[in-house]
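So you can see what is in the structure, the chains are spelled out below.
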Amino acid sequence: MRLAAHDVAVRRGGVEVLHGIDLTLDGAEAVALVGPNAAGKSTMLRALLGLLPLARGEVRLDGRPIEAWSPEARARHVALVAAEEAAFGALTVRDRVALGRYPHRGPFLPFRPADEAAVDAALAATGIAHLARRALHSLSAGETQLASLARGLAQQPQLLLLDEPGAHLDVGHQLRLFRILDEARARGVGVLAVVHDLQRAAAWAARMVLLAQGRVVLTGTPAEVLSSPECARVFEVTIQRHELSGSAQAVYSFEEPR
Amino acid sequence: MTEPARRRGTFAVLLACLPFAVLMALCLGSVGLAPGQVLSSLAAGAGLPVAPALGTTGETILWTLRLPRVLLAMLVGGGLAMVGAALQAVFRNPMADSGLLGVGSGAALGAVLAVHMGWSTETFLALPAAAFAGAMAAILAVYGLSHIGGRPSLEGLLLTGLAVSALASAGISLFLVATEEYRVKTVLFWLAGGLEGRGWTHLGLGAAFVLTGGALLLASSRALDLLSLGPEEAASLGLPVHLARMIVMALAAVVAGACTSVAGSVPFVGLVAPHALRPLVGPLGRHLLPASFLGGALLVLAADLASRTFSQRLDLPLGSVTAIVGAPYFLLALRSGLGRR
């Protein structure tokens with residue numbers, strides 16, 4: 001399963017905010033979408049899902065234009081996990097996660113045991129099974145984020161798009177989050193995540209896409225992107241790479257330029 | 001108490017209260033009927049081998065006055081409460097009800113027009129028919145006006161609904177001023193909401209729309225749940241958000257229009273019943289919509305009973321009773337923090 005954007009331009013409020021983006025995501029891939037604030041990262045995720053009208057270009061899912069897919073079929077293949085507005089009413093965590101089965105059951109069909117199993121598995125994978133009966137609005141920001149992720153997993157998509165999935169998570173939960181994403185990749189799920197923490201993105205992703213001012217500035221391995229002068233320029237920082245003895249991961253330090 | 005237990009308990013209480021309330025409403029009134037006799041008359045009417053115990057007058061009161069009125073009260077209350085619950089999910093706001101769609105004002109304009117033109121005195125059912133037509137015209141106007149230049153946002157729909165309501169209210173005032181005084185009272189009675197003088201025909205017509213529309217709303221409860229998550233998440237899960245909103249609003253308008261055309265304005269039921277029941281049965285449509293139907297039915301049944309037994313001399317307007325109960329409830333709920341979801 002491949003999601004491919006070609007020359008995608010998006011206008012919002014009469015202003016073009018994405019100017020001809022090329023981006024692909026394949027099954028089992030880990031891609032980090034990075035860039036400074038207002039680069040257009042979140043808009044790009046929504047455009048990839050076909051939620052925004054395109055001013056130019058096209059998005060194809062498995063070779064077919066995204067808008068040619070029925071919304072439910074598309075949602076069976078691609079899930080979006082984003083920071084949401086608060087749900088109205090005291091929905092429980094489990095009920096919220098169970099709505100991730102909508103693409104599989106539609107508005108009318110009753111749930112089968114397989115659907116309940118998918119919900120249970122998603123709650124267990126995200127470590128929030130003990131919160132299943134809690135009302136959503138009684139959760140902390142971090143727990144809410146895990147509930148959103150669980151909803152995305154319950155969808156059982158082949159491609160998972162995430163908008164800053166670790167923004168409200170402590171370091172332990174962040175590590176767990178990326179382990180969950182790696183487990184999904186082991187099942188063949190391609191993951192594209194908008195990540196603000198460049199260090200974390202570099203440790204997790206195989207490929208990094210640097211977006212700035214609505215354009216792809218650079219695509220490559222995290223090491224290639226983070227060592228590039230373009231990356232330092234768009235973030236307006238100096239970046240230094242440090243090899244640690246005994247660790248496979250390089251460490252990056254960031255400073256404001258003098 | 002666990003959430004499923006609380007939900008089952010709530011349904012059990014609602015279902016247990018309803019028959020008692022119905023029996024009370026059938027027995028009490030300007031002429032009292034004995035509960036035992038009412039029960040045996042009902043049993044006889046249902047074809048059971050029981051001799052009807054009420055006299056001729058009692059039978060007439062029961063079968064032509066009280067029973068259709070009681071059933072109509074339940075139908076109207078249930079319908080309005082269900083519409084409120086559905087629209088609150090669509091607008092993601094506990095203050096949403098059918099008034100937002102311009103349905104109430106449209107129906108009122110239709111009713112005023114029917115009285116002004118004299119149709120209501122010439123033709124049986126002309127007033128409810130005109131009210132229903134007015135409600136449908138209002139929702140079509142909201143739909144059409146809000147879609148000029150593309151799909152409207154929720155705010156766009158809301159503001160269009162307000163504008164259409166205001167326009168209809170202006171029309172009501174114009175026609176009222178131009179209507180002969182003796183006719184104004186007819187329409188004032190209707191505007192204040194009430195069930196006196198409604199019979200089986202009203203019930204049959206109302207039930208056809210309310211029960212069909214209500215069943216379809218219940219069938220769309222999973223879509224309502226998705227809408228309550230917010231438009232983006234609903235769309236990412238594959239729900240055609242705009243279409244789903246329009247379908248729910250159309251069904252809501254049909255149900256609320258039918259309720260309003262037979263009973264006039266009955267405010268606050270659509271707000272109070274779902275608001276009181278949401279913490280008890282949870283916000284999922286498949287639980288909240290039926291619970292709201294039962295709760296709303298009970299509420300209007302009780303309000304109608306109060307309206308016709310409170311005073312010997314005249315029936316209080318039903319709409320005033322629901323507002324007198326509903327408004328303080330709502331203020332209290334807001335103060336106690338329930339209104340903050």
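Residues numbered from 1 in each chain as written. Chains lettered and ligands numbered in written order. Predicted model: local features only at pLDDT ≥ 70, side-chain atom pairs only at ≥ 80, totals over all residues. Heavy atoms only, no water.

Considering the pairing of strand S4 (residues 56–61) of chain A
All names here are of chain A. Filter applied, for reference: Any two strands between which DSSP finds at least two bridges are classified as paired. For helices the rule is a DSSP run of H or I covering at least 4 residues; for strands it is a run of E covering at least 2, with both sets numbered from the N terminus onward.
When strand S1 (residues 2–12) meets S4, the two strands line up antiparallel, connected through five bridges. For histidine 6, the partnering residue across the bridge sits in S4 and is glutamate 58. Taking the residues that link successive antiparallel strands as the turn, the S4-strand S5 (residues 64–65) hairpin has two residues, and the phi of aspartate 62 there is positive, at about 55°.

Description of the layout of surface pockets
Residue and element names in this part refer to chain B. For the record, the criterion: Within this scheme a cavity is a closed region of a 1 Å grid, computed over the protein atoms alone, that accommodates a 1.4 Å probe without allowing it to escape, whereas a pocket is open but has protein on both sides within 12 Å along at least five of seven lines; lining residues each have an atom within 4 Å of a point. Grid points are joined across faces, edges and corners, and a volume is the space filled by probe spheres set on the points. When residues are grouped by polarity, Ala, Val, Leu, Ile, Met, Phe, Trp, Tyr, Cys and Pro land in nonpolar, Asp, Glu, Lys and Arg in charged, and all others, Gly among them, in polar.
Its volume calculated, the largest pocket comes out at about 1,200 Å³. When residues of the lining of the largest pocket are assigned to their parent elements, the largest contribution, four residues, is made by helix H12 (residues 241–263). Class assignment of the residues belonging to the lining of the largest pocket gives a composition of 21 nonpolar, five polar and twelve charged.

Some thoughts on empty space enclosed by the protein
The tally for this structure, following the rule as stated, stands at two cavities of 30 Å³ or more. Of the voids in this model, the largest cavity is the one considered here, and its volume is about 100 Å³. Every residue along the wall of the largest cavity is listed here: Phe88(A), Ala85(B), Ala86(B), Ala89(B), Leu224(B), Asp225(B), Ser228(B), Arg278(B), Pro283(B), Gly285(B), Leu288(B) and Leu289(B). Elements represented by at least two residues in the lining of the largest cavity include exactly helix H3 (56–91), helix H10 (221–229) and helix H14 (285–309) of chain B.

Some thoughts on the nonpolar core
Worth spelling out the cut-off: Buried residues of nine kinds, namely Ala, Val, Leu, Ile, Met, Phe, Trp, Tyr and Cys, make up a nonpolar core once their side-chain atoms join them within 4.5 Å. Exposure is judged per residue with a 1.4 Å probe applied to protein chains only, and the accessible area is read against the type maximum: over 50% gives exposed, under 20% gives buried, and values in between give partly exposed. Contacts are assigned to residue pairs with any non-hydrogen atoms lying within 4.5 Å of each other.
Judged by nonpolar contacts, the single largest core of 150 residues is most densely connected at Val93(A), Leu160(A), Leu181(A), Trp204(A), Phe91(B) and Leu239(B). Among the elements that make up this core, the one with the highest residue count is H3(B) (19 residues). Among all residues touching Leu160(A), those that are not within four sequence positions of it are Leu25(A), Ala79(A), Val81(A), Gly152(A), Leu153(A), Leu181(A), Val189(A), Gly190(A), Val191(A) and Leu192(A). Formed by 31 residues, the second largest nonpolar core is a distinct cluster that contains Ala5(A), Val8(A), Leu33(A) and Trp69(A).

So, the sheet that holds strand S8 (residues 190–194) of chain A
Residues and elements named next belong to chain A. Inclusion rule: Convention adopted: a line fitted to C-alpha atoms gives each axis, helices being fitted over their contacting stretch, and angles between N-to-C directions are expressed from 0 to 180 degrees.
Here six strands make up an open sheet; going across it, the order is S6-S7-S8-S3-S9-S10 and the pairing mixed. Each having just a single partner strand, strand S6 (78–81) and strand S10 (215–220) make up the two edges of the open sheet. Put simply, the sheet's adjacent strands are angled 15° from each other on average, direction ignored. In this structure, strand S3 (residues 30–34) lies alongside S8, joined through four bridges in parallel fashion. Bridge pairing links alanine 30 to valine 191 in S8. Packing of helix H1 (residues 41–48) onto the sheet brings it into contact with S3, S6, strand S7 (159–163), S8 and strand S9 (207–212), and relative to S7 it is tilted by some 155°. Packing of helix H6 (residues 141–154) onto the sheet brings it into contact with S6 and S7, and relative to S6 it is tilted by some 175°.

Things to note about the sheet that holds S5(A)
All names here are of chain A. Judged by pairing direction, the sheet is antiparallel, and its four strands sit side by side in the order S2-S1-S4-S5 without closing on themselves. A strand with exactly one partner marks an edge of an open sheet, and here the two such strands are strand S2 (15–26) and S5. The sheet contact formed by S1 and S2 spans nine bridges and is antiparallel. Along S2, the bridge assignment pairs arginine 12 with valine 15. Sheet contacts for H1: S1, S2 and S4; angle to S1, the most-contacted strand, approximately 120°.

Considerations on the environment of Phe209(B)
Residues and elements named next belong to chain B. Note that phenylalanine 209 resides in helix H9 (residues 200–219). Take phenylalanine 209: its relative accessible area is 34%, and that puts it in the partly exposed class. In this structure, phenylalanine 209 is in contact with Phe132, Gly214, Val254, Val255 and Ala258, ignoring residues within four places of it in sequence.

Concerning the packing of helix H1 (residues 3–27) of chain B against H14(B)
A pair of packed helices is characterised by two quantities: the angle between their axes and the separation of those axes. Residues and elements named next belong to chain B. Quick reminder of the rule: Roughly parallel here means an angle under 35 degrees, roughly antiparallel means over 145, roughly perpendicular means 65 to 115, and every remaining angle is called oblique. If you view the pair so one helix is near and one far, a crossing is left-handed when the near helix is turned anticlockwise from the far one by less than a right angle, and right-handed when it is turned clockwise.
Close contact between H1 and H14 brings their axes to 10 Å; oriented N to C, the two are set at 30°. One way to sum up the angle between H1 and H14 is to call them roughly parallel. H14 is crossed by H1, and the crossing has left-handed handedness. Note on element contacts: H14 touches H1 through His287, Pro290, Ala291, Leu294, Gly295, Leu298, Leu301, Leu305 and Arg308, opposite Arg7, Phe11, Leu14, Leu15, Cys17, Leu18, Ala21, Val22, Met24 and Ala25. Among the residues forming the contact of H1 with H14, the class breakdown is 15 nonpolar, two polar and two charged.

Regarding the packing of aromatic side chains
Formally: Pairing of aromatic rings covers Phe, Tyr and the six-membered ring of Trp, with a centre-to-centre limit of 6.5 Å; geometry is then stacked below 30 degrees between planes, edge-to-face above 60, and tilted otherwise.
Inspection of every chain in the model, using the stated rule, returns two aromatic pairs over all chains. Between Phe178(A) and Trp204(A) the ring centres are 5.3 Å apart and the planes differ by 45°, which places this aromatic pair in the tilted class. Residue Phe178(A) is found in helix H7 (residues 171–186), and its partner Trp204(A) is found in helix H8 (residues 198–204); the two are separated by 26 residues along the sequence. Both residues of the pair, Phe178(A) and Trp204(A), count as buried. Here the aromatic rings of Phe132(B) and Phe209(B) are separated by 4.6 Å at their centres, their planes lie at 40°, and the arrangement is tilted. Of this pair, Phe132(B) sits in helix H6 (residues 126–146) while Phe209(B) sits in helix H9, and the two are 77 residues apart along the sequence. Given the relative accessible area of 17%, Phe132(B) is considered buried.

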